[in-house]
Amino acid sequence: MAINLFMLGLMWQFIGLPAIPPMTALYWSIPLGVPATFLFARWVKGLIDEAEGRKR
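Reading the values: the criteria
- Residues numbered from 1 in each chain as written.
- Predicted model: local features only at pLDDT ≥ 70, side-chain atom pairs only at ≥ 80, totals over all residues.
- Heavy atoms only, no water.
- Salt bridge = Lys/Arg side-chain N within 4 Å of Asp/Glu carboxyl O.
- Helix = DSSP H or I, 4+ residues; strand = E, 2+ residues; numbered from the N terminus.
- Buried < 20%, exposed > 50% of the residue type's maximum accessible area, 1.4 Å probe, protein only.
- Polar contact = N/O pair within 3.5 Å; in protein donor to acceptor, adjacent residues only side chain to side chain.
- Contact = heavy atoms within 4.5 Å.
- Phe/Tyr/Trp six-rings, centres within 6.5 Å; stacked < 30°, edge-to-face > 60°.

*Asks:* Would you explain the pattern of salt bridges in this entry?
*Replies:* If the charged atoms of two oppositely charged side chains come close together, the side chains can form a pair. As enumerated under the stated definition, the model contains three salt bridges in all. Here Lys45 and Asp49 are joined by a salt bridge, their closest N and O atoms 3.3 Å apart. Of this pair, Lys45 and Asp49 both sit in helix H2 (residues 22–51), four residues apart, which is roughly one turn of that helix. Since its relative accessible area comes to 44%, Lys45 is described here as partly exposed. The salt bridge partner of Asp49 is Arg54, with a shortest N-O separation of 3.5 Å. For Asp49, a relative accessible area of 7% gives the class buried. Linked by salt bridges that have partners in common, Lys45, Asp49, Glu52 and Arg54 make up one network.

*Asks:* Is there a simple way to explain the side chain of Ser29 in this structure?
*Replies:* Mapped onto the fold, Ser29 is located in helix H2. The exposure class of Ser29 is buried, given its relative accessible area of 10%. For Ser29, the side chain forms a polar contact with the main-chain oxygen of Leu26, separated by 2.7 Å. Sequence-distant contacts of Ser29, defined by excluding residues within four places in its chain, comprise Met1, Ala2 and Leu5.

*Asks:* Quick question: what am I supposed to make of the packing of aromatic side chains here?
*Replies:* Tallying each qualifying case throughout the model produces one aromatic pair. Judged by centre distance (5.7 Å) and plane angle (45°), the ring pair of Phe40 and Trp43 falls under tilted. One end of the pair is Phe40 and the other is Trp43, both in helix H2 and three residues apart, which spans about a single turn. One exposure class covers both Phe40 and Trp43, and it is exposed.

What follows is the structure, encoded as structure tokens:
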């Protein structure tokens, strides 16, 4: 998540916004990354259950 935020900050420079410093991207990645990881894990678990023929 930190890499994605940092790269987004670099792309923002194209439209005139300031870049996001690496440490700021790291700090923001923690509260954004935990829920994203949880939701991604649930999605993958659902795909595995579907592939194995289990119902949720």
